[in-house]
Amino acid sequence: MVQRARRAVVFTGAGMSTECGIPDFRSPGGFWTRYKPIEFSAFMSSEEARREAWKRFFAIHENLSAARPGAGHRVISELMRRGHVSHVITQNIDGLHAASGVPPDRIIELHGNGTYAACLACGMRHELSWARDELELRGRTPACVGCGGIVKSATISFGQAMPEQEMADARAATLNADLFLALGSSLQVFPAAGFPVMAKQNRAQLVIVNREATGLDGLADLVVHAELGDVLLALLARLALTSANHSG
Ligand code: NAD
């Protein structure tokens, strides 16, 4: 399927980055379960909630900032370089697809990016080190240096609207896909999990690779329940073998 694909879309979830030391949403005791997310409306209306949200964010960020791309990220980057994959749609906020060499204009981050912060009023980018100094050295929650608006990590919180441009880009890439690979996602978080359904309805082939069953397994043309890094490395080896056979 991948050999034939020219516009495959890779759709990734937290399972993509567990081999890099970032726990997924469901792992018992992981920080995502210990630190329950704060709703967007609370963040906007309460200074206290903002202070708490930043504290939790920095606890998570320690882990994110230490992570490096894994074998799975590198294989996806290579598949794109070889012309099989057109876009990566990711639910992850860790920035590891970009770090593995996927061009930024081919990555669609549905839930934002946790490697920087942004003003919610004017969109101006702010660095996390500055936000941390504001909180820890100057004792105030970060406000935009440009317009004074509320600054938040550039991630999408529960209750926050999905980013319009990214949703439109993901829809366009999905409708253009000849193959849709859903990798390392429980496919339970909507609207993101709507994209594999959309691809299938649009007659793309759907492949799901995940350690455990997902809610959409019944819809897929191929389901693999295994470790993502192993599966993607095996895929790359198989592609190399096939192209060697073709040229020989
Ligand atoms: P999820 O936790 O709901 O599902 C992850 C799935 O990946 C699970 O079903 C698990 O069995 C599987 N998995 C874990 N490691 C695997 C591996 N090595 N090989 C194969 N399968 C593996 O995650 P989700 O569907 O992405 O939704 C959770 C939400 O939390 C998303 O919105 C995501 O943005 C966010 N999140 C992001 C990160 C990150 O940026 N790395 C980490 C945790 C959660």
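Numbers given for residues are sequential positions, taken from 1 along each chain in its written order. At least 70 in pLDDT is required for a residue's local features to be given in this predicted model, at least 80 for side-chain atom pairs to be given and counted, and no such filter applies to totals for whole chains, interfaces and linings, which use all residues. No hydrogens and no water enter the side-chain calculation; it runs on all heavy atoms of the structure.

## Quick notes on the pairing of strand 1 (residues 8–12)
Logical step 1: With respect to burial, strand 1 is a largely interior element, five of its five residues being buried.
Logical step 2: Of the two faces of strand 1, the one holding A8, V10 and T12 and the one holding V9 and F11 are both buried throughout.
Logical step 3: Two strands are counted as paired when DSSP detects at least two bridges linking them. In this description a helix means any DSSP run of H or I spanning at least four residues, a strand means any run of E spanning at least two, and both kinds are numbered starting from the N terminus. Both strand 1 and strand 7 (residues 179–183) contribute to a ladder of four bridges, which runs parallel. Directly across from V10, in strand 7, lies its bridge partner L181. Burial classification: accessible surface area is computed with a 1.4 Å probe over protein chains only, and a residue below 20% of its type maximum counts as buried, one above 50% as exposed, and the rest as partly exposed.

## Description of the domain arrangement of the chain
Logical step 1: Domain boundaries assigned for the chain yield domain 1 (1–21 + 69–111 + 162–248) and domain 2 (23–66 + 116–155).
Logical step 2: Domain delimitation in this document rests on an assignment produced automatically or drawn from a domain database. A separation of 28 Å is found between the C-alpha centroids of domain 1 and domain 2.
Logical step 3: Summed over both partners, the interface of domain 1 with domain 2 comes to about 730 Å²; 59% of that surface belongs to carbon and sulfur atoms.
Logical step 4: Here, a salt bridge means any Lys or Arg side-chain nitrogen found within 4 Å of an Asp or Glu carboxyl oxygen. Linking domain 1 to domain 2 there are zero salt bridges.
Logical step 5: Of the residues that constitute the side of domain 1 that touches domain 2, the class distribution is two nonpolar, six polar and two charged. Computed with a 1.4 Å rolling probe, the buried area is the accessible surface lost when two parts are put together, summed over both parts. Throughout this entry, Asp, Glu, Lys and Arg are counted as charged residues, while Ala, Val, Leu, Ile, Met, Phe, Trp, Tyr, Cys and Pro are counted as nonpolar. The remaining residues, Gly among them, count as polar.

## Details of the packing of helix 7 (residues 164–176) against helix 8 (residues 194–201)
Logical step 1: Axis definition: a line fitted to C-alpha atoms, over the contacting stretch in the case of helices. Angles run 0 to 180 degrees between N-to-C directions. Put simply, helix 7 and helix 8 touch, their axes get as near as 9 Å, and they point 35° apart. Between helix 7 and helix 8 the crossing geometry is right-handed. Residues M167, A170, R171, T174 and L175 of helix 7 form the contact with helix 8, whose participating residues are F195, M198 and A199.
Logical step 2: Taken together, the residues that form the contact of helix 7 with helix 8 break down as six nonpolar, one polar and one charged. By the definition used in this description, the sense in which the near helix is turned from the far one sets the handedness, with an anticlockwise turn below a right angle giving left-handed and a clockwise turn giving right-handed. The contact definition used throughout considers only heavy atoms, calling two residues in contact when any of these lie within 4.5 Å.

## Remarks on the site of the ligand
Logical step 1: Near the ligand you find 26 residues, and of these A14, Q91, H111, S185 and S186 are the closest.
Logical step 2: Here an oxygen atom of the ligand sits 2.8 Å away from a polar atom, N or O, in the main chain of A14.
Logical step 3: Contact distances for the ligand include 2.8 Å between an oxygen atom and a backbone N or O atom of I93.
Logical step 4: A total of 850 Å² of accessible area belongs to the ligand in isolation, and the protein chains cover 97% of it.
Logical step 5: Of the residues that constitute the shell around the ligand, the class distribution is nine nonpolar, eleven polar and six charged.
Logical step 6: Each of domain 1 (1–21 + 69–111 + 162–248) and domain 2 (23–66 + 116–155) contributes no fewer than three residues to the shell around the ligand. Neighbouring residues are identified by heavy atoms, a residue being near a molecule or strand if any of them is within 4 Å of it. The definition of a polar contact used here is a pair of N or O atoms within 3.5 Å, where within protein one atom must be able to donate a hydrogen and the other to accept one, and adjacent residues in sequence count solely through side-chain atom pairs. Surface accessibility in these figures is a Shrake-Rupley result with a 1.4 Å probe; residues are shielded only by whichever protein chains are displayed.

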